[in-house]
Amino acid sequence: MTKQSKNLILLGAPGSGKGTQAAKLTKRLGVPAISTGDIFRENIAKGTALGKEAKSYMDRGELVPDAVVIAIALDRLDAPDCKDGFLLDGFPRTTAQADALGAHLAASGRAIDRVLLMDVSTEELVRRITGRLVCKACGASYHETDIPPAREGLCDACGGALTKRGDDEEATVRNRIEVYNANTAPLAAYYEERKLLVRVASGAATPDAVFADIVKVLGE
Ligand code: AMP
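Parameters and conventions
Residue numbers here run from 1 along each chain, matching the order of that chain's written sequence. At least 70 in pLDDT is required for a residue's local features to be given in this predicted model, at least 80 for side-chain atom pairs to be given and counted, and no such filter applies to totals for whole chains, interfaces and linings, which use all residues. Based on all heavy atoms of the structure, the side-chain values leave hydrogens and waters out of the count. Every helix listed is a DSSP run of H or I at least four residues long, and every strand listed is a run of E at least two residues long, numbered separately from the N terminus. It is over C-alpha atoms that the radius of gyration is taken, and the globule rule equals 2.2 Å times the number of residues to the power 0.38. Three labels apply to residues, based on accessible area from a 1.4 Å probe with only protein chains included: buried if under 20% of the type maximum, exposed if over 50%, partly exposed otherwise in between. Should any heavy atoms of two residues lie within 4.5 Å, those residues are counted as being in contact. Here the expected span of a helix is defined as 1.5 Å times the quantity of residues minus one. The directions from the helix axis to the C-beta atoms are what the arc is built from. Should a side-chain nitrogen of Lys or Arg be within 4 Å of a carboxyl oxygen of Asp or Glu, the pair is scored as a salt bridge. The convention used is that axes are lines fitted to C-alpha atoms, helices contributing only their stretch in contact, and that angles between N-to-C directions extend from 0 to 180 degrees. The sense of a crossing depends on the near helix, which, turned anticlockwise from the far helix by less than a right angle, makes the crossing left-handed and, turned clockwise, makes it right-handed. Three classes are used: nonpolar for Ala, Val, Leu, Ile, Met, Phe, Trp, Tyr, Cys and Pro, charged for Asp, Glu, Lys and Arg, and polar for all others, with Gly counted as polar. For the purposes of this section, nonpolar cores are sets of buried Ala, Val, Leu, Ile, Met, Phe, Trp, Tyr and Cys residues that join through side-chain atoms within 4.5 Å. Two strands qualify as a pair provided DSSP detects at least 2 bridges between them.

1. Comments concerning the overall build of the protein
Secondary structure assignment for the protein yields nine helices and eight strands. The globule rule puts the C-alpha radius of gyration for 220 residues at 17 Å, and the 17 Å found for the protein is close to it. If one aligns the C-alpha atoms of the protein with their principal axes, the spans along those axes are about 45 × 40 × 30 Å. Counting the 220 residues in the protein, one finds 46% classified as buried. Counting contacts in the protein only where the partners sit at least 6 residues apart, residues at least 24 apart contribute 71% of the total.

See the structure below:
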């Protein structure tokens, strides 16, 4: 993979596999994976003011307001570890966020190189998310039937306890998908116009098959 194509966005609905692919890609490319959802969950766990504000939106499956998310994400992108690339998972989610991201990167002579769109049907998304298990300690993702851990309830990577995310309950999940369709899906056309969008065949494929497709698309 060439040096100039390491500023990446993973675009896709909740449950499309962004987090799973981000974990694999960050190892392969050696660039940090940045998840605004993870940043909020860390803040909720620590009981910060930001965490308290974000939680009220997250519990309902709504988006955290643009001004809050943009400040957090752009600040993270200025950290030294993002100098040679980054992988955004869950940001941007609105056109305003995408505009702010583009302007901020341009100001430091950077740009987005590729946007990987993970396309999955709504019913498959609901099935995946409602079965999702996440490690409390390291954040690794599993699925009750698709990607079960070797030992029930325990993370393969670190032995931590597996849990369900509070916002992974079916009614909230359906709302999160509606919010995605209304606010975030239009970003596919936004990045297509800018010739940055690449579709990844993530429908019924296994995580390894999706990863192989991404590696091919990126020309690794
Ligand atoms: P995620 O882990 O990416 O599914 O995000 C979980 C929740 O955090 C979302 O449902 C939103 O409430 C909030 N969130 C994360 N990233 C963003 C963003 N870029 N814009 C607005 N809200 C966000």
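Resuming the write-up.
2. Thoughts on helix α1 (residues 18-29)
Across its 12 residues, α1 extends 15 Å between first and last C-alpha, which sits within 8% of the 16 Å expected from 1.5 Å per residue. All of the buried residues along α1 are Lys 18, Gln 21, Ala 22, Leu 25 and Leu 29. Along the axis of α1, the buried positions cluster into a sector of 105°, meaning they face one direction only. Buried residues along α1 sit in contact with β1 (7-12), β2 (33-35), β3 (86-89), β4 (114-118) and α9 (207-218). In the stretch just after α1, Gly 30 is the one whose phi turns positive, near 70°.

3. A short note on the pattern of salt bridges
If charged atoms from side chains of opposite charge come close, those side chains can pair. This structure, assessed with the given rule, holds 20 salt bridges. Asp 168 is the partner of Arg 165 in a salt bridge, and the nearest nitrogen-oxygen pair spans 4.0 Å. Relative accessible area serves as the criterion here: at 19%, Arg 165 is assigned to the buried category. Among the ionic contacts, a cluster of salt bridges with common partners joins Arg 132, Arg 165, Asp 167, Asp 168 and Arg 176.

4. A short note on the environment of Gly 17
By the element assignment, Gly 17 lies in the loop between β1 and α1. Sequence separation of Gly 17 and Leu 197 is 180 residues, and the distance between their C-alpha atoms is 17 Å. Setting aside residues up to four positions removed in sequence, Gly 17 forms contacts with Met 118 and Arg 128.

5. So, the side chain of Arg 128
If you trace the backbone, Arg 128 turns up in helix α6 (residues 122-130). For Arg 128, a relative accessible area of 15% corresponds to the buried category.

6. Here we look at the packing of helix α2 (residues 36-46) against helix α3 (residues 49-58)
As a packed pair, α2 and α3 sit with axes 8 Å apart at the nearest point and diverge in direction by 120°. Judged by the sense of rotation from one axis to the other, the crossing of α2 with α3 is left-handed. Across the interface between the two elements, Gly 37, Phe 40, Arg 41, Asn 43 and Ile 44 of α2 pack against Leu 50, Gly 51, Ala 54, Lys 55 and Met 58 of α3. Residue composition of the contact of α2 with α3, grouped by class: five nonpolar, three polar and two charged.

7. A short note on the nonpolar core
In terms of nonpolar packing, the biggest core is built from 40 residues, with Leu 101 and Tyr 191 touching the most fellow members. Of all the elements, helix α4 (residues 66-77) adds the most residues to this core, at six residues. By size, the runner-up hydrophobic cluster in this structure holds 16 residues, among which are Ala 22, Leu 29, Val 215 and Leu 218.

8. Things to note about unusual backbone geometry
Where the residue is not glycine, phi is negative for most of them; where a peptide bond is considered, it is trans in most cases. Residue Pro 92 is bonded to the preceding Phe 91 through a cis peptide linkage, with omega at -5°. Here Pro 92 shows up in the loop between β3 and α5 (95-107). Even without glycine at this site, Lys 195 takes up a positive phi of about 60°. Position of Lys 195 among the secondary structure elements: in the loop between α8 (186-193) and β8 (197-200).

9. A word on the sheet that holds β2
A sheet is described by the order of its strands in space; here five strands give the open sequence β2-β3-β1-β4-β8, paired in parallel fashion. Of all the strands in the sheet, just β2 and β8 have a single pairing partner and so form its edges. Strand-to-strand twist of the sheet, defined as the mean angle between neighbouring strand axes without regard to direction, takes the value 25°. Summarising the sheet, β1 and β4 pair through five bridges and their orientation is parallel. Residue pairing for β4: Leu 10 is matched across the bridge by Leu 116. Here α8 sits on the sheet in contact with β1, β4 and β8, set at roughly 130° to β8.

Distances and angles like these do not, on their own, reveal function.
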